[in-house]
Amino acid sequence: MASSLSTNLKFTLQHSSLTLPPLTSTTTRRVSVRCGPRSNRGPLVKGRILSIEAIQAIQALKRAQRTDPSQIEAQISKTLNRLIKTDLIAAYKELLRQDLCDLALKVFPAVQSECDVPDLGLYADMVLALTRTGFAKHIDELICDLEKVGTIECDDKSLVRLVRALVEGEQVESTVRVYELMKKSGWGSRFEIDEYVAKVLRRGFKRFGKEEMADEVDEQLQRSSRLVLGKLQ
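Residues numbered from 1 in each chain as written. Predicted model: local features only at pLDDT ≥ 70, side-chain atom pairs only at ≥ 80, totals over all residues. Heavy atoms only, no water.

A. Representation of the side chain of Gln112 in the model. Residue placement: Gln112 occurs in helix α5 (residues 101-113). Among the polar contacts listed, one links the side chain of Gln112 to the backbone nitrogen of Asp119, at a separation of 3.3 Å. Excluding residues that lie within four positions of it along the chain, Gln112 makes contacts with Val117, Pro118, Asp119, Leu122 and Tyr123. (Helix = DSSP H or I, 4+ residues; strand = E, 2+ residues; numbered from the N terminus. Polar contact = N/O pair within 3.5 Å; in protein donor to acceptor, adjacent residues only side chain to side chain. Contact = heavy atoms within 4.5 Å.)

This is how it looks when you write it as structure tokens:
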């Protein structure tokens, strides 16, 4: 037993006499990570959610356009016409975002058929896209189709977007058609004149050299202002 204690004591003393290496401080290095170049596609639009069905419909249309354009109408009937309204509109806007205006034009009638009244915001989106991509020649056809509806909702907040898109796109005839349609629909009588819409129209007509129409818009705006002032008094 004494021998065992002696052995343990020597082992303890030997280990206690060992010199431990000094502690070294650890240096923290920061590594910066950079992402690669962004895609040239635009950012996702806030609130725009594409369902799986909408994505598949878009892919089918693009595939038909690439392989057999004669099948595009069949694909619209087979895929897009079976989508619910929100998915259909989302698919339409995605086609415009990708500058696939030729496909969007074919889809547009199906989109408008889901609306009880013409959605002027969707018309404005189409006019902007056609102007941007060099397909402005189709704008007059688009507005002629809008005329066939007969009337529009002049209190639609998107009306100013449509008028401004036509004016900025130098679409003289289409701007005149929309203005005549506005008057026919009760702009200034059944619907109160929006001052900003009137100013955009007036500036547009002056730019187009249509002074008489610019003066007419100005007179309507002044008359509307007097009526509003009279009601307040």
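B. Quick peek at the confidence of the model for the protein. In this model, the protein carries a mean pLDDT of 80, and residues with pLDDT of at least 70 account for 76%. Per-element mean pLDDT across the protein ranges from 45 in helix α1 (residues 2-16) up to 96 in helix α8 (residues 159-168). Taken together, the stretch residues 1-21 has pLDDT below 50 and engages in 0 contacts with residues farther than four places along the chain or on a different chain. Counted against residues more than four places away or in other chains, residues 23-47, with its pLDDT under 50, gives 8 contacts. (pLDDT = per-residue confidence, 0-100.)

C. Region of interest: the side chain of Asp87. As for its placement among the helices and strands, Asp87 is situated in helix α4 (residues 85-97). Of the polar contacts made by the side chain of Asp87, one reaches the side chain of Ser51; its length is 3.0 Å.

D. Region of the structure containing α4. Between its first and last C-alpha, α4 extends 18 Å over 13 residues, near the 18 Å set by a 1.5 Å rise per residue. Residues Asp87, Leu88, Ile89, Ala90, Ala91, Tyr92, Glu94, Leu95 and Leu96 constitute the buried set of α4. Following α4 by one or two positions, Asp99 has its phi on the positive side, about 60°. (Expected span 1.5 Å × (residues − 1). Buried < 20%, exposed > 50% of the residue type's maximum accessible area, 1.4 Å probe, protein only.)

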